[in-house]
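# Observations on the model geometry
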Amino acid sequence: MFVNQWKNEDWRLVRDWLAEGRHQQSLKVVLTVTTTLTNFLEKQCSMPLKVQLHEQFMDKVSQDEAELLHCQQGDYALRRQVSLCYQGAVMFDAESVLPLHDLPAVLITELEAGIKPLANLLAERGLSLARSDLSITQLADGRWGRRSVLRSSVGTQALVVEIFRPEFWQEIQRLSSTR
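The shown structure was predicted, so the numbers you read here are calculated from the model rather than taken from an experiment.

The rules behind the values
- Residues numbered from 1 in each chain as written.
- Predicted model: local features only at pLDDT ≥ 70, side-chain atom pairs only at ≥ 80, totals over all residues.
- Heavy atoms only, no water.
- Phe/Tyr/Trp six-rings, centres within 6.5 Å; stacked < 30°, edge-to-face > 60°.
- Helix = DSSP H or I, 4+ residues; strand = E, 2+ residues; numbered from the N terminus.
- Buried < 20%, exposed > 50% of the residue type's maximum accessible area, 1.4 Å probe, protein only.
- Core = buried A, V, L, I, M, F, W, Y, C linked by side-chain atoms within 4.5 Å.
- Contact = heavy atoms within 4.5 Å.
- Polar contact = N/O pair within 3.5 Å; in protein donor to acceptor, adjacent residues only side chain to side chain.

## Considerations on the packing of aromatic side chains
In the structure shown here, the tally under the stated rule is six aromatic pairs. Judged by centre distance (5.7 Å) and plane angle (80°), the rings of F92 and F168 are edge-to-face. Of the two residues, F92 is situated in strand β4 (residues 89-99) and F168 in helix α7 (residues 166-177); the sequence distance between them amounts to 76 residues. With relative accessibility at 1%, the residue F92 sits in the buried group.

Below, the structure written as structure tokens:
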């Protein structure tokens, strides 16, 4: 499900992707969210999501990850792989890479609990977040993905890749039509 399967995808910066002007509005709205996506989906779509933690382990940062995170290739990082579920069904999968050198121990403990999404944990700790390097891709099987770097005001940062399942877009459409 994970293990760098998205490393070689054709990631396009969001401004270039939007400039194409040929994407559905629901895609544009969701894929370009720069705040916490889970909060956005709960407030705008009435879609509260739950985290399903698959794996969390220490790993070394790859060359591509190091470039985006402005750290050194081979630095140690916490790699977290989760699925976000709505009413028991997986809506999208996410992988986060958090360099350890600026990761508070209390945050590691909260991440290990596997209950909340990363951006929510950072926001709840009072850290203002910025999402940079937001890029979009469409995988060969038609699924959409987005990749970005979350940066907090105290230096904590994470590379986040999210891959959306077809069921997610169906549910977004269904929830939008019931409002």
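## Some remarks on the nonpolar core
Core analysis: the biggest nonpolar cluster contains 27 residues, and L41, M47, F92 and F168 have the highest contact counts within it. Listing elements by their share of this core, those giving two or more residues are α1 (14-19), α2 (25-31), α3 (37-45), β3 (76-86), β4, β5 (129-138) and α7. What F168 contacts, discounting residues up to four positions off in sequence, is V30, L41, M47, M91 and F92. One finds L103, L107, I108 and L150 within the second-largest nonpolar core, a separate group that totals 13 residues.

## With respect to the side chain of H23
Mapped onto the secondary structure, H23 falls in the loop between α1 and α2. Look at H23 and you get buried, because its relative accessible area is 11%. At 2.8 Å, the side chain of H23 and the side chain of E20 are in polar contact. Setting aside residues no more than four positions away along its own chain, H23 makes contact with W17, K28 and W144.

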